[in-house]
Amino acid sequence: MHASGPIPVHIAVIMDGNGRWAKKRGFPRIAGHNEGVESVRDTVEACGQLGVKHLTLYAFSTENWKRPQEEVSMLMRLLMRALRDETDKLHENNVKVDTIGDFPTLPIEVQDELTDAMTKTKLNTGLHLHLALSYSGRWDITTAIKAIAEDVRRGTLAPESIDDQLVSRYLATKNVPDPDLLIRTSGEFRISNFLLWQLAYSEIYISTSCWPDFRRKELYEAITDFQRRERRYGMVSEQLQPGKRKPNAVQRFFNNVSGS
Ligand code: FPP
(Lines give C-alpha, C1' and ligand atoms only; values in the text may rest on other atoms or scores of the structure.)
Protein backbone atom coordinates (compact mmCIF):
# COMPACT_ATOMS: atom_id res chain seq x y z
CA MET A 1 0.00 0.00 0.00
CA HIS A 2 1.36 3.43 -0.90
CA ALA A 3 0.66 6.79 0.68
CA SER A 4 -1.86 8.76 -1.35
CA GLY A 5 -0.99 12.18 -2.63
CA PRO A 6 -1.29 14.58 -5.50
CA ILE A 7 -0.29 13.94 -9.09
CA PRO A 8 2.42 16.50 -10.01
CA VAL A 9 1.07 19.30 -12.20
CA HIS A 10 4.38 19.70 -14.01
CA ILE A 11 7.02 17.00 -14.50
CA ALA A 12 10.39 17.86 -16.07
CA VAL A 13 12.72 15.14 -17.30
CA ILE A 14 16.44 15.00 -18.05
CA MET A 15 16.50 12.00 -20.38
CA ASP A 16 20.01 10.66 -19.83
CA GLY A 17 21.88 7.44 -20.57
CA ASN A 18 20.93 6.68 -24.17
CA GLY A 19 24.60 6.32 -25.14
CA ARG A 20 25.44 4.09 -22.18
CA TRP A 21 22.37 1.93 -22.84
CA ALA A 22 23.60 1.35 -26.39
CA LYS A 23 27.25 0.83 -25.41
CA LYS A 24 26.32 -1.84 -22.86
CA ARG A 25 24.67 -3.77 -25.69
CA GLY A 26 27.44 -3.19 -28.24
CA PHE A 27 25.17 -0.96 -30.35
CA PRO A 28 25.96 2.47 -31.86
CA ARG A 29 24.82 5.46 -29.77
CA ILE A 30 21.97 6.22 -32.15
CA ALA A 31 20.36 2.88 -31.19
CA GLY A 32 20.04 4.27 -27.67
CA HIS A 33 18.41 7.45 -28.95
CA ASN A 34 16.05 5.37 -31.11
CA GLU A 35 14.97 3.29 -28.15
CA GLY A 36 14.71 6.52 -26.14
CA VAL A 37 11.91 7.62 -28.46
CA GLU A 38 9.90 4.60 -27.22
CA SER A 39 10.36 5.86 -23.65
CA VAL A 40 9.21 9.31 -24.73
CA ARG A 41 6.07 7.73 -26.22
CA ASP A 42 5.34 5.70 -23.08
CA THR A 43 6.00 8.61 -20.72
CA VAL A 44 3.85 11.04 -22.71
CA GLU A 45 1.00 8.54 -22.87
CA ALA A 46 1.19 7.74 -19.14
CA CYS A 47 1.37 11.43 -18.15
CA GLY A 48 -1.68 12.18 -20.30
CA GLN A 49 -3.63 9.34 -18.70
CA LEU A 50 -2.65 10.38 -15.17
CA GLY A 51 -3.78 13.96 -15.69
CA VAL A 52 -0.32 15.54 -15.49
CA LYS A 53 -0.79 19.02 -17.00
CA HIS A 54 2.76 19.81 -18.18
CA LEU A 55 5.64 17.57 -19.21
CA THR A 56 8.95 19.19 -20.18
CA LEU A 57 11.53 16.94 -21.85
CA TYR A 58 15.17 17.99 -22.16
CA ALA A 59 15.63 16.63 -25.69
CA PHE A 60 18.61 18.70 -26.89
CA SER A 61 20.67 21.14 -24.85
CA THR A 62 22.69 24.14 -25.97
CA GLU A 63 25.78 22.09 -25.06
CA ASN A 64 24.65 19.13 -27.21
CA TRP A 65 25.64 21.13 -30.33
CA LYS A 66 29.24 20.32 -29.33
CA ARG A 67 28.70 16.57 -29.94
CA PRO A 68 30.18 15.01 -33.08
CA GLN A 69 28.43 16.43 -36.15
CA GLU A 70 27.22 12.97 -37.15
CA GLU A 71 25.40 12.42 -33.84
CA VAL A 72 23.85 15.91 -33.96
CA SER A 73 22.52 15.26 -37.49
CA MET A 74 21.16 11.86 -36.49
CA LEU A 75 19.43 13.34 -33.43
CA MET A 76 17.84 16.06 -35.56
CA ARG A 77 16.64 13.48 -38.09
CA LEU A 78 15.29 11.29 -35.31
CA LEU A 79 13.43 14.21 -33.83
CA MET A 80 11.91 15.10 -37.20
CA ARG A 81 10.83 11.53 -37.81
CA ALA A 82 9.34 11.22 -34.31
CA LEU A 83 7.38 14.43 -34.80
CA ARG A 84 6.17 13.35 -38.24
CA ASP A 85 5.15 9.87 -37.03
CA GLU A 86 3.63 10.88 -33.70
CA THR A 87 1.84 14.18 -34.25
CA ASP A 88 -1.46 12.64 -35.38
CA LYS A 89 -1.53 10.28 -32.41
CA LEU A 90 -0.60 13.11 -30.02
CA HIS A 91 -3.40 15.17 -31.52
CA GLU A 92 -5.91 12.30 -31.10
CA ASN A 93 -4.84 12.09 -27.46
CA ASN A 94 -5.50 15.80 -26.94
CA VAL A 95 -1.78 16.56 -26.33
CA LYS A 96 -0.61 20.10 -27.02
CA VAL A 97 2.94 20.23 -28.40
CA ASP A 98 5.23 23.18 -27.68
CA THR A 99 8.91 23.93 -27.59
CA ILE A 100 11.27 26.00 -25.48
CA GLY A 101 14.76 26.96 -26.55
CA ASP A 102 16.70 28.92 -29.12
CA PHE A 103 14.33 28.00 -31.99
CA PRO A 104 16.18 29.81 -34.84
CA THR A 105 19.32 27.74 -34.19
CA LEU A 106 17.49 24.51 -35.14
CA PRO A 107 17.74 23.25 -38.73
CA ILE A 108 14.96 24.71 -40.84
CA GLU A 109 13.39 21.27 -41.49
CA VAL A 110 13.16 20.69 -37.72
CA GLN A 111 11.64 24.14 -37.27
CA ASP A 112 9.04 23.32 -39.95
CA GLU A 113 8.15 19.96 -38.39
CA LEU A 114 7.82 21.57 -34.95
CA THR A 115 5.71 24.40 -36.32
CA ASP A 116 3.38 21.86 -37.97
CA ALA A 117 3.01 19.89 -34.73
CA MET A 118 2.43 23.04 -32.67
CA THR A 119 -0.10 24.44 -35.14
CA LYS A 120 -2.02 21.19 -35.39
CA THR A 121 -2.25 20.68 -31.62
CA LYS A 122 -2.51 24.27 -30.40
CA LEU A 123 -6.14 24.05 -29.29
CA ASN A 124 -5.72 20.76 -27.42
CA THR A 125 -6.55 20.84 -23.73
CA GLY A 126 -4.92 17.68 -22.37
CA LEU A 127 -1.25 17.21 -21.55
CA HIS A 128 0.92 20.17 -22.55
CA LEU A 129 4.19 18.71 -23.87
CA HIS A 130 7.15 21.10 -23.90
CA LEU A 131 10.18 19.92 -25.87
CA ALA A 132 13.33 21.68 -24.68
CA LEU A 133 15.45 21.97 -27.83
CA SER A 134 18.62 23.98 -28.16
CA TYR A 135 17.74 24.97 -24.61
CA SER A 136 19.74 25.71 -21.50
CA GLY A 137 18.83 27.38 -18.24
CA ARG A 138 21.55 30.01 -18.63
CA TRP A 139 20.38 30.79 -22.18
CA ASP A 140 16.85 31.20 -20.81
CA ILE A 141 17.90 33.54 -17.98
CA THR A 142 20.25 35.55 -20.21
CA THR A 143 17.51 36.00 -22.82
CA ALA A 144 15.11 37.14 -20.09
CA ILE A 145 17.66 39.63 -18.69
CA LYS A 146 18.16 41.12 -22.16
CA ALA A 147 14.38 41.52 -22.67
CA ILE A 148 13.95 43.07 -19.22
CA ALA A 149 16.85 45.48 -19.85
CA GLU A 150 15.33 46.42 -23.22
CA ASP A 151 11.91 47.16 -21.65
CA VAL A 152 13.58 49.27 -18.93
CA ARG A 153 15.55 51.16 -21.59
CA ARG A 154 12.37 51.83 -23.58
CA GLY A 155 10.67 53.05 -20.41
CA THR A 156 7.90 50.40 -20.44
CA LEU A 157 9.22 48.70 -17.29
CA ALA A 158 10.18 50.33 -14.00
CA PRO A 159 13.21 48.68 -12.34
CA GLU A 160 11.37 48.79 -8.98
CA SER A 161 8.67 46.50 -10.39
CA ILE A 162 11.13 43.70 -11.08
CA ASP A 163 10.41 40.81 -8.74
CA ASP A 164 10.63 37.04 -9.08
CA GLN A 165 7.17 36.78 -10.65
CA LEU A 166 8.09 39.30 -13.29
CA VAL A 167 11.32 37.46 -14.08
CA SER A 168 9.30 34.23 -14.49
CA ARG A 169 7.14 35.97 -17.08
CA TYR A 170 10.20 36.77 -19.20
CA LEU A 171 11.41 33.18 -19.26
CA ALA A 172 10.68 30.65 -22.01
CA THR A 173 8.29 28.92 -19.59
CA LYS A 174 6.04 31.95 -19.03
CA ASN A 175 2.46 30.86 -18.14
CA VAL A 176 3.70 27.41 -17.13
CA PRO A 177 3.90 26.59 -13.41
CA ASP A 178 7.36 25.59 -12.15
CA PRO A 179 8.03 21.83 -12.20
CA ASP A 180 6.84 19.96 -9.11
CA LEU A 181 9.04 17.01 -9.96
CA LEU A 182 12.34 16.74 -11.82
CA ILE A 183 13.27 13.25 -12.97
CA ARG A 184 16.77 12.46 -14.15
CA THR A 185 17.65 9.04 -15.46
CA SER A 186 20.89 6.99 -15.51
CA GLY A 187 21.84 7.71 -11.91
CA GLU A 188 23.54 11.08 -12.44
CA PHE A 189 23.06 13.79 -9.78
CA ARG A 190 23.28 16.95 -11.91
CA ILE A 191 20.92 19.65 -13.21
CA SER A 192 23.05 20.05 -16.39
CA ASN A 193 21.92 23.61 -17.15
CA PHE A 194 18.25 22.61 -17.40
CA LEU A 195 15.48 24.85 -15.96
CA LEU A 196 17.81 26.62 -13.51
CA TRP A 197 15.33 29.27 -12.31
CA GLN A 198 12.22 27.11 -12.52
CA LEU A 199 13.59 24.19 -10.49
CA ALA A 200 14.02 26.29 -7.32
CA TYR A 201 11.51 24.21 -5.28
CA SER A 202 11.15 21.10 -7.43
CA GLU A 203 11.49 17.67 -5.90
CA ILE A 204 14.31 15.76 -7.56
CA TYR A 205 14.07 12.07 -8.36
CA ILE A 206 17.07 10.19 -9.72
CA SER A 207 16.33 6.93 -11.50
CA THR A 208 19.15 4.44 -11.99
CA SER A 209 17.54 3.26 -15.25
CA CYS A 210 19.02 4.58 -18.47
CA TRP A 211 16.42 6.58 -20.42
CA PRO A 212 15.63 3.78 -22.95
CA ASP A 213 14.68 1.56 -19.95
CA PHE A 214 12.58 4.25 -18.29
CA ARG A 215 8.98 3.28 -18.95
CA ARG A 216 5.56 3.67 -17.34
CA LYS A 217 6.49 1.56 -14.30
CA GLU A 218 9.56 3.71 -13.55
CA LEU A 219 7.44 6.86 -13.98
CA TYR A 220 4.90 5.53 -11.48
CA GLU A 221 7.73 4.79 -9.04
CA ALA A 222 8.99 8.37 -9.40
CA ILE A 223 5.51 9.79 -8.79
CA THR A 224 4.93 7.51 -5.80
CA ASP A 225 8.24 8.68 -4.34
CA PHE A 226 7.22 12.31 -4.97
CA GLN A 227 3.94 11.71 -3.15
CA ARG A 228 5.82 10.67 -0.02
CA ARG A 229 7.72 13.96 0.12
CA GLU A 230 6.64 16.95 2.15
CA ARG A 231 7.13 20.17 0.23
CA ARG A 232 7.69 22.95 2.73
CA TYR A 233 8.80 25.85 0.51
CA GLY A 234 11.00 27.15 3.36
CA MET A 235 8.22 26.84 5.97
CA VAL A 236 7.88 24.35 8.83
CA SER A 237 5.79 21.20 8.76
CA GLU A 238 3.04 22.54 11.04
CA GLN A 239 2.32 25.46 8.70
CA LEU A 240 1.29 23.15 5.88
CA GLN A 241 -2.34 22.26 5.26
CA PRO A 242 -2.68 18.58 4.42
CA GLY A 243 -4.58 18.35 1.13
CA LYS A 244 -7.68 16.27 0.67
CA ARG A 245 -6.32 12.85 -0.10
CA LYS A 246 -7.96 10.19 -2.19
CA PRO A 247 -6.37 7.39 -4.20
CA ASN A 248 -5.28 8.45 -7.68
CA ALA A 249 -4.36 6.41 -10.76
CA VAL A 250 -0.84 5.68 -9.50
CA GLN A 251 -2.06 4.30 -6.16
CA ARG A 252 -4.79 2.34 -7.93
CA PHE A 253 -2.12 0.86 -10.23
CA PHE A 254 0.08 -0.25 -7.33
CA ASN A 255 -2.92 -1.43 -5.31
CA ASN A 256 -4.00 -3.62 -8.22
CA VAL A 257 -0.46 -4.97 -8.70
CA SER A 258 -0.16 -5.86 -5.00
CA GLY A 259 -3.71 -7.22 -4.98
CA SER A 260 -4.75 -5.02 -2.03
C1 FPP B 1 20.92 11.83 -23.43
O2 FPP B 1 21.59 10.61 -23.52
C3 FPP B 1 19.93 12.00 -24.48
C4 FPP B 1 19.92 12.98 -25.44
C5 FPP B 1 20.94 14.03 -25.52
C6 FPP B 1 18.89 13.05 -26.49
C7 FPP B 1 17.51 12.67 -26.09
C8 FPP B 1 16.73 12.42 -27.30
C9 FPP B 1 15.80 11.45 -27.46
C10 FPP B 1 15.36 10.53 -26.40
C11 FPP B 1 15.16 11.24 -28.79
C12 FPP B 1 14.29 12.32 -29.36
C13 FPP B 1 13.35 13.00 -28.44
C14 FPP B 1 12.03 13.25 -28.67
C15 FPP B 1 11.39 14.25 -27.82
C16 FPP B 1 11.23 12.55 -29.69
P17 FPP B 1 23.16 10.64 -23.77
O18 FPP B 1 23.40 10.57 -25.24
O19 FPP B 1 23.75 11.83 -23.10
O20 FPP B 1 23.61 9.32 -23.05
P21 FPP B 1 25.01 9.06 -22.33
O22 FPP B 1 25.12 10.03 -21.20
O23 FPP B 1 24.87 7.65 -21.85
O24 FPP B 1 26.09 9.23 -23.36
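Here, the structure is the one placed above.
Residues numbered from 1 in each chain as written. Predicted model: local features only at pLDDT ≥ 70, side-chain atom pairs only at ≥ 80, totals over all residues. Heavy atoms only, no water.

Colleague: Mind showing me how you'd approach the pairing of strand E3 (residues 96-100) here?
Modeller: Where a strand is regular, its side chains alternate between the two sheet faces. Across 5 bridges, the pairing between E3 and strand E4 (residues 128-135) is parallel. Paired with valine 97 across the strands is leucine 129, a residue of E4. Chirality of the crossover, the property in question, places the unit of E3, helix H4 (residues 108-121) and E4 among those that are left-handed. (Pairing = 2+ DSSP bridges. Helix = DSSP H or I, 4+ residues; strand = E, 2+ residues; numbered from the N terminus. Right-handed = clockwise from strand over helix to strand, strands pointing away.)

Colleague: How do you make sense of H4 when you look at a structure like this?
Modeller: In an α-helix, one full turn covers 3.6 residues, which means residues spaced three or four apart are oriented alike. The terminal C-alpha atoms of H4 lie 20 Å apart, and with 14 residues this matches the ideal 20 Å at 1.5 Å per residue to within 8%. Taken together, the buried positions of H4 are Val110, Gln111, Glu113, Leu114, Ala117, Met118 and Thr121. Along the axis of H4, the buried positions cluster into a sector of 165°, meaning they face one direction only. Among the structural elements, helix H3 (69-92), E3 and E4 are those in contact with the buried residues of H4. (Expected span 1.5 Å × (residues − 1). Buried < 20%, exposed > 50% of the residue type's maximum accessible area, 1.4 Å probe, protein only. Arc of directions from axis to C-beta. Contact = heavy atoms within 4.5 Å.)

Colleague: Sorry, what's going on with the side chain of serine 207 here?
Modeller: Locating serine 207 in the fold gives a position in the loop between strand E6 (203-206) and helix H7 (216-228). Among the polar contacts made by the side chain of serine 207, one reaches the main-chain amide nitrogen of serine 209 at a distance of 3.1 Å. Excluding anything up to four places from it in sequence, serine 207 contacts Arg184, Thr185, Ser186, Gly187 and Phe214. (Polar contact = N/O pair within 3.5 Å; in protein donor to acceptor, adjacent residues only side chain to side chain.)

Colleague: In this structure, what is going on with the layout of surface pockets? I would like to understand it.
Modeller: By rolling a water-sized probe across the atoms, one finds the places where empty space is left. In this structure, the largest pocket spans a volume of roughly 1,000 Å³. In terms of lining residues, the largest pocket is bounded by 44 residues, among which Met15, Val40, Tyr58, Ala59 and Trp211 are the most central. Listing elements by their share of the lining of the largest pocket, those giving two or more residues are helix H1 (18-24), helix H2 (29-50), strand E2 (54-61), H3 and E4. The element that contributes the greatest number of residues to the lining of the largest pocket is H2, accounting for 10 residues. In terms of residue class, the lining of the largest pocket is made up of 22 nonpolar, 11 polar and 11 charged. (1 Å grid on protein atoms, 1.4 Å probe; cavity = no way out; pocket = protein on both sides within 12 Å on 5 of 7 lines; lining within 4 Å. Points joined across faces, edges and corners; volume = space filled by probe spheres on them. Nonpolar A, V, L, I, M, F, W, Y, C, P; charged D, E, K, R; others polar.)

Colleague: Just checking my understanding: could you explain the sheet that holds strand E1 (residues 10-14) for this structure?
Modeller: Within a beta sheet, neighbouring strands are joined by backbone hydrogen bonds and run either parallel or antiparallel to one another. Taking strand neighbours across the sheet as the criterion, the 6 strands line up as E3-E4-E2-E1-E5-E6 in an open arrangement whose pairing is parallel. Two strands close off the open sheet at either side, each with one partner strand: E3 and E6. The sheet shows a mean angle of 20° between the axes of neighbouring strands, direction not considered. As paired elements, E1 and strand E5 (residues 181-184) share 4 bridges and run parallel to each other. By the bridge assignment for E5, isoleucine 14 is matched with arginine 184. H2 contacts E1, E2 and E4 of the sheet and is inclined by roughly 160° relative to E2. (Axes fitted to C-alpha atoms, helices over the stretch in contact; angles between N-to-C directions.)

Colleague: I tried to follow the packing of H2 against H3 on my own but got confused; where do I start?
Modeller: Helix-helix packing is characterised by the crossing angle of the two axes and by the distance between the axes. Running from amino to carboxyl end, H2 crosses H3 at an angle of 30°, the nearest separation of the two axes being 11 Å. With respect to H3, the axis of H2 lies roughly parallel. Here H2 runs over H3; the crossing is right-handed. Side by side, H2 and H3 meet where Arg29, Ile30, His33, Asn34, Val37, Arg41, Val44 and Glu45 of the first sit next to Glu71, Met74, Leu75, Leu78, Arg81, Ala82, Glu86, Lys89 and Leu90 of the second. By residue class, the composition of the contact of H2 with H3 is 8 nonpolar, 2 polar and 7 charged. (Parallel < 35°, antiparallel > 145°, perpendicular 65-115°, else oblique. Left-handed = near helix turned anticlockwise from the far one by under 90°.)

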